[in-house]
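Residue-level listing of the chains:
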Amino acid sequence: MTKKKRLVTSALPYVNNIPHLGNLTQVLSADVFARFCRLRGYETLYVCGTDEYGTATETRAAKEGVSPRELCDHYHAIHEEIYKWFNIAFDYFGRTSTPKQTQIVQDIFKAVDDAGYITEKETEQLYCPHCERFLADRFVEGTCPHCGSTDARGDQCDACQTLLEPTELLNPRCGVCGTTPIVKKTKHLYLDLPKVLPLLEDWLKDASVDGFWAKNAIQVTKSWIRDGLKERCITRDLKWGIPVPKEGYEDKVFYVWFDAPIGYISISANYTDDWKDWWQKPENVDLFQFIGKDNIPFHTVIFPSTLLASGKKWTMLHHMSSTEYLNYEGGKFSKSKGIGIFGNDVQETGIPADVWRFYMFYNRPENSDFTFTWKDFQEKVNGELIGNLSNLVNRTLTFVKRFFDGNLGTGALDEELLCQIKEKEAEITDLLEHAEERDAFRAVFALSSIGNKAFQDSEPWKLRNSDPEKAKAILRTLVGLIRDLGVMIQPYMPTASRTLLGFLGCEDADWSCLGDYSKAISVGDIGLLFTKLEDAKIEELRLRYSGSQQEREDRKMEEEKKGCPCCGCENDKVADKSADKSAAKKEAAKLAAQAAREAEENKSIAQKFADKVKLTVSKITKIERHPNGDILYILGLDTGEGEERTIVSSIVPYYTEEELLGHNIVLVNNLKPANFRGVKSRGMLLAAQDPNAPEHSTCEVLFADDIPFGTNLVPEGLSNPEEMCYVKPDHFFDMPLYTQDGILKVDGHALVSPEGKTVLAKKYLNGQVG
């Protein structure tokens, strides 16, 4: 029977901050499972990426004086660097702010809407009069009505895990400025979860059993259903997000928790053109998802309900591995408060990534919360990693190298020890197949302990003289065990695994080698796998990373203030330095803004056009006369983006409906929408004019029938940025288009497709285009 492929995902980390060890638990957990699956011979795809849309990004970008795209680019690179340092072997690490994400989210929404699972409501929502914006759930703070926690957010109380509506909070405040918000009416779309419930329950009864979900995943999901599912809002009053392809909602975007899980699909699509083989052939694929317990309902209720409601065949969740919380030195990790040890901090400690990976998996919070402490970190590393595993490797291989020249040949084995090894390896394999990573890892160290005991009890330093064949048998078995340990730690500690297997010349060993000691294994050059963590080092790190990041910064300032012991003359210098630093920051920001303005001014018109204007070849699929305009057509367009686009064009005097329908035209895709006598026009088609005739008296629509619709045109030699904002009409017309010898151009550059095709005028070969 052919093995099913394994699709592995980890919760998409939110982009606008640096991940701490608690956040890293999920991506590391998925990495271990994906590496194990590859070693077992499964065809495996592990995808992840940054979750980039939503209020948090938009608000932080505004605070930092950058665009959301610039903010996302900055932090996406930081995430990538941290995950690379931790040796996480993604097949692809992407992001959600891509054209494919927009297309797939909008396609799924339209399918769900067409199936009747989307409702519309006018609601009262909290609005900050100071910020002049509706507040997304997570940016409303206040007191939880259920447990009294004063740090609850508008979407969830972390203290009692209750999901909330922001209007339920007591003493609400704006999370950005602290102002008390007011209630204001707005209209939104909802996913009708009660209507989807029969589909969800039918799926759940088998999925949770067949996929051996974690206990907390089952409990949280059942409690959600038991308490009664409610319609879930899926739109928001924001700018940074995926536009809602529904009439009347053009100025809204999808709520980030509707589009974020779909990011698993779009990231796969950005990785491979064969993404549907992974996501739309469920009979061939098992989906394993690794998340924290706070994300359970989104992955077991909301995302599955969305896919089920679409009416299409999707790869649905098979196994849910959901961990509890990893805490820090008696408190919680907190990105917002800067508490804990973060990905960039870890790199600065000088402690190798594999040591961190060891500790995080040895204590992975699978069934209960776990608290990281520096003392426990030191004890586990020195006791288990070095005192157990590294000790077995070093003492056994050194002995074989010294007394047998590294070569024991083939021959008899210690059958009793081999039986124990095979039994334990079968247990480890079964645990990993069920994604019970901590228990499997601890079983690996239990197996190492068995090896250490066998070495000690057999006393090979005596046996090599009294019974050399028996000594060889025990040592052959132990060397085989060490090879197996090198394979089994590979998912957890890939660098150490590579080093250990290199001692034995077995770099290519995989899971199928376990327990097979029929071939001779030679010992080559060896060295230490790890070094001990000394008390002074640990105490220094504990002090360095205690308290919040702000408190750490304050301590640095205090150290600088110590200065001269006679008169404390450094104190004034520190104060001056602090003031200078603040002034320098302001000056740097001013200079950066000035440099940005100068850089923009120095761009060519063609470059500005490429940066600001998106031209898309689009097919006219519908056409009708405007009921309130004699010279106006209402055109329905297929832009290749998965939604019908409507534009209004004043070309009735020049073309009949038959001359337009079915043809490809060039659309200014991101022109700011405008109302034409009651109909919203989302774009403008391009047409050439006779330069010698009065303005607006001639018109030649620029057809592009030889270029596939959905194709974007850019000035030759340039490219559009990945994300583009609306362009205002006056800004668009400041960069004049024209035809030259029939070719559509801007600033001397032909507008071309990726294949180099140009758009040609047939009538007005040298004229203005608008």
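Residues numbered from 1 in each chain as written. Predicted model: local features only at pLDDT ≥ 70, side-chain atom pairs only at ≥ 80, totals over all residues. Heavy atoms only, no water.

Draft legend 1. Spatial organisation of the overall build of the protein chain. The helix and strand tally for the protein chain stands at 24 helices and 31 strands. With the C-alpha coordinates of the protein chain rotated into their principal frame, the extents come out at 110 × 80 × 55 Å. Of all intrachain contacts in the protein chain linking residues separated by at least 6 positions in sequence, the fraction that spans at least 24 positions is 74%. Surface accessibility of the protein chain: about 34700 Å² in total, with carbon and sulfur atoms responsible for 48%. Within the protein chain, the 116 negative side-chain charges are centred at a point lying 2 Å from the centre of the 94 positive side-chain charges. (Helix = DSSP H or I, 4+ residues; strand = E, 2+ residues; numbered from the N terminus. Contact = heavy atoms within 4.5 Å. Areas by Shrake-Rupley, 256 points an atom, 1.4 Å probe, with all protein chains shown as cover. Lys, Arg positive; Asp, Glu negative; His and termini not counted. Charge placed at Lys NZ, Arg CZ, Asp CG, Glu CD.)

Draft legend 2. Representation of the packing of helix H13 (residues 374-404) against helix H19 (residues 535-544) in the model. Following both chains from N to C, one finds H13 and H19 inclined at 150°, their axes separated by 9 Å at the closest point. In this view, H13 runs roughly antiparallel relative to H19, as classed from their interaxial angle. H19 is crossed by H13, and the crossing has right-handed handedness. Between H13 and H19, the contacting residues are Trp 374, Phe 377 and Gln 378 on the first element and Asp 535, Ile 538, Leu 541 and Arg 542 on the second. (Axes fitted to C-alpha atoms, helices over the stretch in contact; angles between N-to-C directions. Parallel < 35°, antiparallel > 145°, perpendicular 65-115°, else oblique. Left-handed = near helix turned anticlockwise from the far one by under 90°.)

Draft legend 3. Inspection of the side chain of Glu 366 at higher detail. Of note, Glu 366 is situated in the loop between helix H12 (353-362) and strand S17 (370-372). Polar contacts involving the side chain of Glu 366 include one to the main-chain amide nitrogen of Glu 437, which spans 2.8 Å. Beyond its immediate sequence surroundings of up to four residues, Glu 366 is in contact with Ser 322, Glu 324, Ala 435, Glu 436, Glu 437, Arg 438 and Asp 439. (Polar contact = N/O pair within 3.5 Å; in protein donor to acceptor, adjacent residues only side chain to side chain.)

Draft legend 4. Quick look at the sheet that holds strand S14 (residues 317-323). Spatial strand order, S3-S2-S1-S13-S14: five strands in an open sheet with parallel pairing. Each edge of the open sheet carries a strand with a single partner, namely strand S3 (92-95) and S14. Strand-to-strand twist of the sheet, defined as the mean angle between neighbouring strand axes without regard to direction, takes the value 20°. With four bridges joining them, strand S2 (residues 44-50) and S3 adopt parallel strand pairing. Across the sheet, Val 47 pairs through a bridge with Tyr 92, a residue of S3. (Pairing = 2+ DSSP bridges.)

Draft legend 5. Focus on the pattern of salt bridges. For the coordinates displayed, the defined rule picks out 37 salt bridges. A salt bridge links Asp 91 to Arg 38, with the nearest nitrogen and oxygen atoms 3.0 Å apart. Placement of Asp 91 in the loop between helix H3 (68-85) and S3 and of Arg 38 in helix H1 (residues 21-39) is noted, with a sequence separation of 53 residues between them. According to the relative accessible area criterion, Asp 91 is partly exposed, its value standing at 25%. Note that Asp 251 and Lys 680 form a salt bridge whose closest N and O atoms lie 4.0 Å from each other. In this pair, Asp 251 sits in the loop between strand S11 (235-236) and strand S12 (253-254) while Lys 680 sits in strand S23 (residues 679-681), placing the two residues 429 residues apart along the sequence. In this structure Asp 251 comes out as exposed when scored by relative accessible area, which is 59%. Through salt bridges with shared partners, a single ionic network connects Glu 52, Arg 69, Asp 73 and Arg 95. (Salt bridge = Lys/Arg side-chain N within 4 Å of Asp/Glu carboxyl O. Buried < 20%, exposed > 50% of the residue type's maximum accessible area, 1.4 Å probe, protein only.)

Draft legend 6. Spotlight on helix H2 (residues 55-64). When we look at burial in H2, the residues that qualify are Thr 55, Ala 56, Thr 57, Glu 58, Thr 59 and Ala 61. Lining the buried residues of H2 we find H3 and strand S5 (133-134). Of the residues flanking the end of H2, it is Gly 65, one or two places downstream, whose phi is positive at about 70°.

Draft legend 7. How the structure looks around the packing of H12 against helix H15 (residues 437-458). At a closest axis distance of 8 Å, the pairing of H12 and H15 adopts a crossing angle of 110°. Between H12 and H15, the angle falls in the class roughly perpendicular. Every residue of H15 that contacts H12 at Phe 358, Phe 361 and Tyr 362 is listed here: Glu 437, Arg 438, Phe 441, Arg 442 and Phe 445.

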